[in-house]
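One-letter residues, chain by chain:
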Amino acid sequence: MGDVLEAVGLVVGYGGTPVCGEVNLGVARGEVLAVVGFNGAGKSTVVRTLAGRQDPVAGDVRVHGLPVMPDAVMFRRQVATVFDEDVFFPSLTVREHLLLVARGHSVGAPEEAVDAELDYFGIADRAHAVPDALSSGQRRRLLLAAGFIRPSSLLFLDEPEQRLDPVMRDALSRRIRERADAGTTVVVVTHDPRLLVRTATSCLVIDETVTTVGTERGAQIIAGA
Ligand SMILES: Nc1ncnc2c1ncn2[C@@H]1O[C@H](COP(=O)(O)OP(=O)(O)OP(=O)(O)O)[C@@H](O)[C@H]1O
């Protein structure tokens, strides 16, 4: 069976100017690829391009063997993203947001799925609050819950540990592993060595030359070693 996500000769950047070296990768079903590098190295640009949020400068990205088609129903059903963006409906509560995502993605027993997700991300006591009334960490938990409540075969997470306390980071690591063990392919940008070691199966280092390393080495790179 082919890779879920493939990039060949991929160059990413802005205005035709690359931000990092050429990316070549293949990520199979159930693998977790961590993406690491220093601030400004190009990690977010790489994952945004892999997820079809921006066009490549050059090269090719394939998801399930097909070109990236971000507007296509099939692509949106398969590919979930949790990026660094607070996108909410200001008048919908936490619970209503999650119900909307669950129903939009035809999740069976959506009410129960929402209850489980609220519990998992520790926001059950804020279920009836609107986004404006949440703390920044709670807003982050809501975005993550929305990313995890829906099915996906490919999940992109950009620094999901941001604004989370250590207990929640550990819960998130377990959640990522659970999804991967169930067959979802995960690409996770992270600055957290613990999250990387607990979740990843391999690691992409973004720099002038992009390399693939093992997870222990990836954690050392994050730690500056
Ligand atoms: N919209 C944009 N237009 C032009 N340049 C951009 C844009 N967004 C990011 N950049 C630049 O592209 C480079 C890579 O940015 P990117 O956000 O991908 O880095 P990163 O590795 O994710 O960084 P961090 O660890 O700080 O999140 C940086 O030099 C950044 O200033």
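Residues numbered from 1 in each chain as written. Predicted model: local features only at pLDDT ≥ 70, side-chain atom pairs only at ≥ 80, totals over all residues. Heavy atoms only, no water.

Per an unreviewed UniProt entry, the protein goes by ABC transporter ATP-binding protein and derives from Arthrobacter bussei. Per UniProt, the protein carries the Sequence similarities (unreviewed entry) text "Belongs to the ABC transporter superfamily." (UniProt positions renumbered as here; feature names shortened; annotations may be inferred.)

Here the UniProt-annotated "domain: ABC transporter" (unreviewed entry) positions come out as residues 5–222. For residues 5–222, helix accounts for 37% and strand for 23%, while the C-alpha atoms at its two ends are 24 Å apart. (Helix = DSSP H or I, 4+ residues; strand = E, 2+ residues; numbered from the N terminus.)

With that settled, consider the packing of aromatic side chains. Applying the stated criterion across every chain yields a total of two aromatic pairs. Ring plane angle 55° and centroid distance 5.7 Å describe the contact between Y120 and F121, whose orientation is recorded as tilted. Looking at Y120, the relative accessible area reads 27%, which means it is partly exposed. Judged by its relative accessible area of 0%, F121 is buried. Here the aromatic rings of F121 and F148 are separated by 5.9 Å at their centres, their planes lie at 40°, and the arrangement is tilted. One end of the pair, F121, is in the loop between α4 (110–120) and α5 (136–149); the other, F148, is in helix α5, and 27 residues separate them in sequence. Among the aromatic residues, those joined into a cluster by ring pairs are Y120, F121 and F148. Above the ring of Y120, the side-chain terminus of R175 is found at 4.6 Å from the ring centroid. (Phe/Tyr/Trp six-rings, centres within 6.5 Å; stacked < 30°, edge-to-face > 60°. Buried < 20%, exposed > 50% of the residue type's maximum accessible area, 1.4 Å probe, protein only. Lys NZ or Arg CZ within 6 Å of the ring centre and 35° of its normal.)

Quick look at the packing of helix α3 (residues 94–104) against α5 now. At a minimum axis distance of 9 Å, the contact between α3 and α5 shows a crossing angle of 25°. With respect to α5, the element α3 is oriented roughly parallel. Of the two possible hands of crossing, α3 and α5 adopt the one that is right-handed. Facing α3, whose interface residues are V94, H97, L98, V101 and A102, α5 presents L142, A145, A146 and I149. Of the residues belonging to the contact of α3 with α5, the class tally is eight nonpolar, one polar and no charged. (Axes fitted to C-alpha atoms, helices over the stretch in contact; angles between N-to-C directions. Parallel < 35°, antiparallel > 145°, perpendicular 65-115°, else oblique. Left-handed = near helix turned anticlockwise from the far one by under 90°. Contact = heavy atoms within 4.5 Å. Nonpolar A, V, L, I, M, F, W, Y, C, P; charged D, E, K, R; others polar.)

Another point: the site of the ligand. In the vicinity of the ligand, the contacting residues are Y14, V19, F38, N39, G40, A41, G42, K43, S44, T45, E159 and H191. One of the side-chain N or O atoms of E159 is found 3.1 Å from an oxygen atom in the ligand. Side-chain polar atom of H191 to an oxygen atom of the ligand: 3.0 Å apart, as the coordinates give it. If the ligand stood free it would expose 640 Å²; the protein chains cover 54% of that surface. (Near = heavy atom within 4 Å. Polar contact = N/O pair within 3.5 Å; in protein donor to acceptor, adjacent residues only side chain to side chain. Areas by Shrake-Rupley, 256 points an atom, 1.4 Å probe, with all protein chains shown as cover.)

Glancing now at helix α6 (residues 166–181). Here α6 contains 16 residues, and its C-alpha end-to-end distance of 23 Å stays within 8% of the 22 Å for a straight helix at 1.5 Å per residue. Taken together, the buried positions of α6 are M168, D170, A171, L172, S173, R175, I176, R179 and A180. Summarising the contacts, the buried residues of α6 are in contact with β5 (32–36), α4, α5, β9 (154–158), β10 (185–189) and α7 (193–199). Taken from the residues just after α6, G183 is the one with a positive phi, measuring 115°. (Expected span 1.5 Å × (residues − 1).)

Attention now moves to the side chain of T184. Relative to the helices and strands, T184 resides in the loop between α6 and β10. Residue classification places T184 among the buried positions, given a relative accessible area of 6%. A distance of 2.8 Å separates the side chain of T184 from the backbone oxygen of S152, its partner in a polar contact.

Glancing now at unusual backbone geometry. Here the phi dihedral of A109 falls at roughly 45°; this positive angle occurs in a residue that is not glycine. Looking at where A109 falls in the secondary structure, it is placed in the loop between α3 and α4. Positive phi is not limited to glycine here, since E159 has a value of about 45°. Along the chain, E159 turns up in the loop between β9 and α6.

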